[in-house]
Amino acid sequence: MRRKQLGMSLGALMVGAVIFIVLALLGMKVAPSYLEFYTIKKAVAALSAEKRGASPNDIRKAFDQRAQVDDITTIKGSDLEITKEGSEIVVNAAYRKEIPLFGNIGLHIDFAASSKE
């Protein structure tokens, strides 16, 4: 008696490989934007902690200096929203990132970082 063979067919293997490749390409396009966002988030939190009592212009200059070192190109110090709540300085950064995928298809992601979180 013959036993039924188990395993994947070549067609299923090809479909799985195409899905994996598309997901990997999407991840490689989106990952740098998220890495930059987490760098911005870290910089905003550090500025709020370091610059207690500083003027908004000093905070913006410090962010621009940090942005040069950390290679932040999406947002500048002039884009920051700086407020004071009680004795605490709150720094907010919000921006939209457009990531072209292929052809006319792109991805828009809205990022928002705050030192209050």
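The structure presented is a predicted model; accordingly, all values stated were derived computationally and were not measured.

### Re the pattern of salt bridges
No. 1: The tally for this structure, following the rule as stated, stands at 3 salt bridges.
No. 2: A salt bridge links R66 to E50; its shortest N-O distance comes to 2.9 Å. With R66 in helix α2 (residues 56-70) and E50 in helix α1 (residues 10-50), this pair connects stretches of sequence that are 16 residues apart.
No. 3: In this structure, the salt-bridge partner of R96 is D110, at a minimum N-O distance of 2.8 Å. Of the two residues, R96 sits in strand β2 (residues 88-102) while D110 sits in strand β3 (residues 105-114), which places them 14 residues apart along the sequence. There is no split in this pair, since R96 and D110 are both exposed.

### Description of the nonpolar core
Nonpolar side chains in soluble globular proteins generally cluster together in the buried interior.
No. 1: With 22 residues, the main nonpolar core has I40, V44, F63, I75, L80 and V91 as its most contacted residues.
No. 2: Listing elements by their share of this core, those giving two or more residues are α1, α2, β2 and β3.
No. 3: Here this core takes 6 residues from α1, the largest share from any one element.
No. 4: Those residues in contact with V91 that sit more than four places away from it in its chain are V44, S48, I59, L80, E81, I82, A113, S114 and S115.

### What to know about the environment of D70
No. 1: Mapped onto the secondary structure, D70 falls in helix α2.
No. 2: Each C-alpha atom, one on D70 and one on N92, is 18 Å from the other, the two residues being 22 residues apart in sequence.

Scoring rules and cut-offs
- Residues numbered from 1 in each chain as written.
- Predicted model: local features only at pLDDT ≥ 70, side-chain atom pairs only at ≥ 80, totals over all residues.
- Heavy atoms only, no water.
- Salt bridge = Lys/Arg side-chain N within 4 Å of Asp/Glu carboxyl O.
- Helix = DSSP H or I, 4+ residues; strand = E, 2+ residues; numbered from the N terminus.
- Buried < 20%, exposed > 50% of the residue type's maximum accessible area, 1.4 Å probe, protein only.
- Core = buried A, V, L, I, M, F, W, Y, C linked by side-chain atoms within 4.5 Å.
- Contact = heavy atoms within 4.5 Å.

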